[in-house]
Amino acid sequence: MSKGPEPLSAPPGETPTDPLAHIAGALFRPMGADGVYARTALYELVAERLERYITGQRDAQAEILRFPPVMSRQQLEKSGYLKNFPNLLGCVCALRGSEAAIHAVVDRHGAGEDWTGSLTASDLVLSPAACYPVYPMVAERGRIPSGGLLFDVEADVFRHEPSRNLDRLQSFRMREFVRIGSPQEIQDFREGWMTRASALAAELGLPCSLEVASDPFFGRVGQVIAVSQRQQALKFELLIPYHTEATPTACMSFNDHREHFSQLWAIHDERGKLAHTGCVAFGIDRLTVALFAVHGLDLEKWPPPTRLALAM
Ligand code: AMP
Ligand code: ZN
C-alpha cells in the first residue's frame, strides 16, 4: 500500500511557524515547490461554491471568457508588464534545434549537469493576471459600442513570488470583471463594486476593510509610480484578516487603469475618443483560504448566512 500524501502541517511536536498550518493539511498537498499546491476535495468544494456565488453577482450583459494559463509574450510586453513587474514574470521556455542537439541537452541532465541553459524563450508567458488578454481582443473588434463593454474572465495565473504562506501562492486562480467604457462608466463600475464587495464579505461572514493600495512596481522608479498610483487612488483592495492577530490579506482588488490599456491598444469609443478601462479582481484561492481560516474546517459549523450564500 502506498503511503498517504504528506500534509503541509508541521510534523507532530514541532511548533508550526504559519498560524494557518492547522488547516493547511486538510486543504492542500505539497507539490515540491513553495506556493504551488494540489487542492483537496474539501477545498475545491468551497472554491467551486464561491465561484458560483460570484457568478450569481454577474451582470447579465457580461461576455464570459475563460483563458488558459498562458498568453502571448508580445502582448504582455506591450501591456507594460515586463517594465513594471519583471521580477514576477514567468516565461515559457522550450528546447529547440535538431534531434541530436536536443538529445545532447537531455544527456547533460542524465550526467547530472545543468541543461536549463539550453532553453530558449517561446512566444508564451504565464499569465500574471486574468484581464491582460481582453484589451488586445477588444481593440481587434474596432470601436466599442455606446454603453461600453463588460467581461467576466478567469485564468490560472502565475507570479514568481515563492513563499510558504498559504496566502502567497505562485500559481492561483484569478476571476475578474473587466469594464471598458467612458471615464464615468469605469468610475461607477468600480465604486459600485467596492460597495458591493463589503456587503458580499459580510454575507460570507468575513471581516474586512477597504483600503487604497498600490501594485508592487519594480525598483526605485517603480516606487515612484506606486506613490502616484496611491495618490490618485487608482487601486483599492478588500483586506481580510485570516485570524485575530494577522496582518490582513488583500483578497480582492478594484482597479482604474484610466487610459493605460486603451492608449497601448488603441481602444476607442464610437466617437473616436480613447476609452477608459477598469477591473475588479477576485483572488479565488485567497478568498477560499479566508473562508476556512475564519470559519474552520467543519463546513457544518459555518454560520448559516455563509452556508446559505454558498448554497451548502
Ligand atoms: P492584483 O492584480 O495584484 O490586484 O491581484 C488580484 C487578486 O489576486 C488579489 O486581490 C489577491 O486576491 C490575488 N492574489 C494576488 N497575488 C496573489 C498570490 N501571490 N497568491 C494568491 N493570491 C494572490
Ligand atoms: Zn485586471
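Residues numbered from 1 in each chain as written. Chains lettered and ligands numbered in written order. Predicted model: local features only at pLDDT ≥ 70, side-chain atom pairs only at ≥ 80, totals over all residues. Heavy atoms only, no water.

Undergrad: Could you give an account of the coordination of the zinc ion (ligand 2), naming the residues involved and the relevant values?
TA: For the zinc ion (ligand 2), the full set of protein donor atoms is Cys131 (SG), Glu176 (OE) and Cys279 (SG), at a range of 2.0 to 2.3 Å. In the primary structure, the donors to the zinc ion (ligand 2) are separated according to the pattern C-x44-E-x102-C. Residue Cys131 is located in the loop between strand 6 (120–126) and helix 6 (134–140), and its partner Glu176 is located in strand 8 (residues 171–181); the two are separated by 45 residues in the primary sequence. Taking the relative accessible area as the measure of exposure, Cys131 reaches 5% and is therefore buried. (Donors = N, O, S within 2.8 Å, 3.2 Å for Na, K, Ca; no water. Helix = DSSP H or I, 4+ residues; strand = E, 2+ residues; numbered from the N terminus. Buried < 20%, exposed > 50% of the residue type's maximum accessible area, 1.4 Å probe, protein only.)

Undergrad: A description of helix 10 (residues 284–295) should follow, citing residues and the corresponding values.
TA: Taking 1.5 Å of rise per residue, twelve residues should cover 16 Å, and helix 10 covers 16 Å from first to last C-alpha, within 8% of that figure. Taken across its twelve residues, helix 10 has ten buried, putting it largely inside the fold. Regarding helix 10, the residues found buried are Ile284, Asp285, Leu287, Thr288, Val289, Ala290, Leu291, Phe292, Ala293 and His295. Where helix 10 ends, the next residue or the one after it, Gly296, has phi of about 90 degrees, a positive value. (Expected span 1.5 Å × (residues − 1).)

Undergrad: Lay out the packing of aromatic side chains with the relevant residues and their values.
TA: Each aromatic ring pair is described using two quantities: the centre-to-centre distance and the angle formed by the ring planes. Under the definition given, this model contains twelve aromatic pairs. Measuring from ring centre to ring centre gives 5.1 Å for Phe85 and Phe217, while their planes differ by 25 degrees; the resulting arrangement is stacked. Placement of Phe85 in the loop between helix 4 (81–84) and strand 5 (91–94) and of Phe217 in the loop between strand 9 (209–212) and helix 8 (219–231) is noted, with a sequence separation of 132 residues between them. Of the two residues examined, Phe85 and Phe217, each falls in the buried class. Taken together, a centroid distance of 5.6 Å and an interplanar angle of 90 degrees make the contact between Trp193 and Phe282 edge-to-face. Residue Trp193 is found in helix 7 (residues 183–203), and its partner Phe282 is found in strand 12 (residues 276–283); the two are separated by 89 residues along the sequence. Both residues of the pair, Trp193 and Phe282, belong to the buried class. Its guanidinium or amino end placed over the ring of Trp193, Arg196 lies 4.3 Å from that ring's centre, counting from NZ or CZ. (Phe/Tyr/Trp six-rings, centres within 6.5 Å; stacked < 30°, edge-to-face > 60°. Lys NZ or Arg CZ within 6 Å of the ring centre and 35° of its normal.)

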